[in-house]
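Understanding the architecture of this molecule
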Amino acid sequence: MRKQTEYLVIGIGIASILAGIYGGVRTGELMDSVSGVLIGIALIGTVIIERNRKSKSE
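Summary of the structure given here. Predicted model only: the values in this text are computed from it and were never measured.

**Concerning the environment of Ile21**
Position of Ile21 relative to the elements: it lies in helix α1 (residues 3-27). The spatial distance from the C-alpha of Ile21 to the C-alpha of Asp32 is 9.6 Å, given a sequence separation of 11 residues.

**Concerning a nonpolar patch on the surface**
Among the surface-exposed residues, Met31, Val34, Leu38 and Ile41 lie close enough to one another that they form a single nonpolar patch of about 410 Å² accessible area. Structurally, Met31 can be placed in helix α2 (residues 30-57). Of the residues examined, Met31 reaches a relative accessible area of 68% and is grouped as exposed.

**Some thoughts on α2**
End to end, α2 covers 40 Å across 28 residues, agreeing with the expected 40 Å (1.5 Å per residue, within 8%). Among all positions in α2, only Ser33, Gly36, Gly40 and Val47 are buried. Those residues of α2 that are buried lie in contact with α1.

**Notes on the packing of α1 against α2**
Running from amino to carboxyl end, α1 crosses α2 at an angle of 160°, the nearest separation of the two axes being 7 Å. If you check the angle between α1 and α2, you find them roughly antiparallel. Between α1 and α2 the crossing geometry is left-handed. Counted together, Glu6, Tyr7, Val9, Ile10, Ile12, Gly13, Ile14, Ser16, Ile17, Gly20, Ile21 and Gly24 of α1 and Leu30, Ser33, Gly36, Val37, Ile39, Gly40, Ile41, Leu43, Ile44, Val47, Arg51 and Lys54 of α2 form the full contact between these two elements. Among the residues making up the contact of α1 with α2, the classes are represented as 14 nonpolar, 7 polar and 3 charged.

Calculation rules
Residues numbered from 1 in each chain as written. Predicted model: local features only at pLDDT ≥ 70, side-chain atom pairs only at ≥ 80, totals over all residues. Heavy atoms only, no water. Helix = DSSP H or I, 4+ residues; strand = E, 2+ residues; numbered from the N terminus. Patch = residues over 30% accessible without salt bridge, like charges linked within 9 Å, V, L, I, M, F, W, Y side chains within 5 Å. Areas by Shrake-Rupley, 256 points an atom, 1.4 Å probe, with all protein chains shown as cover. Salt bridge = Lys/Arg side-chain N within 4 Å of Asp/Glu carboxyl O. Buried < 20%, exposed > 50% of the residue type's maximum accessible area, 1.4 Å probe, protein only. Expected span 1.5 Å × (residues − 1). Contact = heavy atoms within 4.5 Å. Axes fitted to C-alpha atoms, helices over the stretch in contact; angles between N-to-C directions. Parallel < 35°, antiparallel > 145°, perpendicular 65-115°, else oblique. Left-handed = near helix turned anticlockwise from the far one by under 90°. Nonpolar A, V, L, I, M, F, W, Y, C, P; charged D, E, K, R; others polar.

In C-alpha coordinates form, the structure reads like this:
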(Lines give C-alpha, C1' and ligand atoms only; values in the text may rest on other atoms or scores of the structure.)
Protein backbone atom coordinates (compact mmCIF):
# COMPACT_ATOMS: atom_id res chain seq x y z
CA MET A 1 0.00 0.00 0.00
CA ARG A 2 1.37 3.44 -0.90
CA LYS A 3 2.07 5.98 1.84
CA GLN A 4 -0.61 8.37 0.50
CA THR A 5 -3.20 5.61 0.60
CA GLU A 6 -2.18 4.66 4.12
CA TYR A 7 -2.59 8.25 5.30
CA LEU A 8 -5.98 8.49 3.61
CA VAL A 9 -7.23 5.27 5.23
CA ILE A 10 -5.95 6.37 8.64
CA GLY A 11 -7.66 9.74 8.19
CA ILE A 12 -10.95 8.06 7.30
CA GLY A 13 -10.57 5.76 10.30
CA ILE A 14 -9.99 8.66 12.68
CA ALA A 15 -12.93 10.56 11.18
CA SER A 16 -15.14 7.50 11.64
CA ILE A 17 -14.12 7.11 15.28
CA LEU A 18 -14.72 10.78 15.99
CA ALA A 19 -18.09 10.75 14.22
CA GLY A 20 -19.13 7.69 16.19
CA ILE A 21 -18.14 9.25 19.49
CA TYR A 22 -19.82 12.53 18.58
CA GLY A 23 -23.01 10.72 17.59
CA GLY A 24 -23.01 8.75 20.80
CA VAL A 25 -22.53 11.82 22.96
CA ARG A 26 -25.04 13.88 20.99
CA THR A 27 -27.88 11.34 21.02
CA GLY A 28 -27.03 9.42 24.17
CA GLU A 29 -27.36 6.10 22.30
CA LEU A 30 -24.03 4.34 22.72
CA MET A 31 -25.07 1.28 20.72
CA ASP A 32 -25.59 3.45 17.64
CA SER A 33 -22.07 4.84 17.88
CA VAL A 34 -20.32 1.49 18.28
CA SER A 35 -20.42 0.71 14.56
CA GLY A 36 -18.59 3.91 13.61
CA VAL A 37 -15.92 3.33 16.22
CA LEU A 38 -15.43 -0.31 15.18
CA ILE A 39 -15.14 0.61 11.50
CA GLY A 40 -12.51 3.23 12.35
CA ILE A 41 -10.53 0.79 14.48
CA ALA A 42 -10.70 -1.82 11.73
CA LEU A 43 -9.37 0.61 9.11
CA ILE A 44 -6.48 1.75 11.26
CA GLY A 45 -5.72 -1.85 12.28
CA THR A 46 -5.60 -2.90 8.64
CA VAL A 47 -2.96 -0.28 7.87
CA ILE A 48 -0.87 -1.30 10.89
CA ILE A 49 -1.04 -4.99 9.96
CA GLU A 50 -0.09 -4.19 6.36
CA ARG A 51 2.90 -2.14 7.51
CA ASN A 52 4.09 -4.95 9.78
CA ARG A 53 3.70 -7.52 7.03
CA LYS A 54 5.63 -5.35 4.59
CA SER A 55 8.47 -4.68 7.05
CA LYS A 56 8.86 -8.41 7.87
CA SER A 57 9.10 -9.40 4.21
CA GLU A 58 11.95 -6.97 3.54
